[in-house]
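Inside the fold
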Amino acid sequence: MKQTIRKNITDIPYSLHDAEVDHITVEGKKLTLHFKNGYVQNEEPYDDVKGTVEFAGVDWDCSFACVYRCKEFTLENTGAIEGEKQMLKDFAESFGDAVFEIVDETFGYNETKLEGYLYRGDDTFECSIGIYHIGDMSYLVEE
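Residues numbered from 1 in each chain as written. Predicted model: local features only at pLDDT ≥ 70, side-chain atom pairs only at ≥ 80, totals over all residues. Heavy atoms only, no water.

What follows deals with the sheet that holds strand S4 (residues 39–41). Judged by pairing direction, the sheet is antiparallel, and its 3 strands sit side by side in the order S1-S4-S5 without closing on themselves. At either margin of the open sheet sits one strand with a lone partner, and together these are strand S1 (14–15) and strand S5 (48–49). Where S1 and S4 come together, 2 bridges link them in antiparallel fashion. Bridging from a neighbouring strand, Ser15 pairs with Val40 of S4. (Pairing = 2+ DSSP bridges. Helix = DSSP H or I, 4+ residues; strand = E, 2+ residues; numbered from the N terminus.)

Following this line, the structure appears as C-alpha cells:
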C-alpha cells in the first residue's frame, strides 16, 4: 500500500485567533479584512501587529458566509440552529458596524475558512466564512 502524507501547515507567520474584523472591503476580485486591534505574530516575542489581510483572486461564486445561532441555549452549544447562508460579497457589503471575532482559521486547497462570533449591536451570532481564492493570502503589516 502506498502512503502519502499531507503535513500540517505549521509555518503560518501570523495568527488571526481572537482578532476582531471591524470592516471588510471588496475591490474587484480582492477581499480585505480590516482589524480593530490587529493580529498576533507567530514567533517570539509573539507581538501584536497592526495590519490587514488581503485575499487575491477571490471566486465570489464559491465564497460564502453563514450566520446562525442555536435556537435554545445548551451547555454543549449543540442542537437545532437557525440562520442564513449568503454570498460572501453580499455579506461583506452589508457588514456595517458588525465585529467578527475569529476563533479558528483553516487553510485548504485554494480556500481559507474563518470561524467565530459575529457581534451586531446587542446580538451575538456564530459565523463561518469560506473564502475561495486562486490568488495569495497576504498579511499586510504596518511598520
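Let us look at the sheet that holds strand S7 (residues 64–70). Taken in spatial order, the 9 strands of this open sheet run S8-S7-S11-S10-S9-S2-S3-S6-S12, and their pairing is antiparallel. The sheet is open, and its two borders are formed by strand S8 (81–87) and strand S12 (137–141), each paired with just one other strand. Between one strand and the next, the sheet's axes are offset by a mean angle of 25 degrees, whatever the strand orientation. Across 7 bridges, S7 lies against S8 in antiparallel orientation. Looking at S8, one finds that Cys70 is bridged to Ile81. (Axes fitted to C-alpha atoms, helices over the stretch in contact; angles between N-to-C directions.)

Looking now at the pattern of salt bridges. Across all of its chains, the model carries 2 salt bridges by this definition. Between Glu20 and Lys36 there is a salt bridge, with the nearest N and O atoms lying 3.8 Å from each other. Residue Glu20 is located in strand S2 (residues 20–27), and its partner Lys36 is located in the loop between strand S3 (30–35) and S4; the two are separated by 16 residues in the primary sequence. Across the pair Glu54 and Lys30 runs a salt bridge whose closest N-O atoms are separated by 3.5 Å. One end of the pair, Glu54, is in strand S6 (residues 51–55); the other, Lys30, is in strand S3, with 24 residues separating them in the sequence. (Salt bridge = Lys/Arg side-chain N within 4 Å of Asp/Glu carboxyl O.)

What follows deals with the environment of Gly57. The residue Gly57 is located in the loop between S6 and S7 in this model. According to the relative accessible area criterion, Gly57 is partly exposed, its value standing at 27%. Between the C-alpha atom of Gly57 and that of Val141, which follows or precedes it by 84 residues, the distance is 20 Å. Sequence-distant contacts of Gly57, defined by excluding residues within four places in its chain, comprise Lys29, Tyr132, His133, Ile134 and Gly135. (Buried < 20%, exposed > 50% of the residue type's maximum accessible area, 1.4 Å probe, protein only. Contact = heavy atoms within 4.5 Å.)

The topology assignment puts His34 in strand S3. At a separation of 3.0 Å, a polar atom in the side chain of His34 contacts the side chain of Thr25. The contacts of His34, once residues within four sequence positions are left out, are Glu20, Val21, Asp22, His23, Ile24, Thr25 and Thr52. (Polar contact = N/O pair within 3.5 Å; in protein donor to acceptor, adjacent residues only side chain to side chain.)

Without other data, these values stay purely geometric and don't point to any function.
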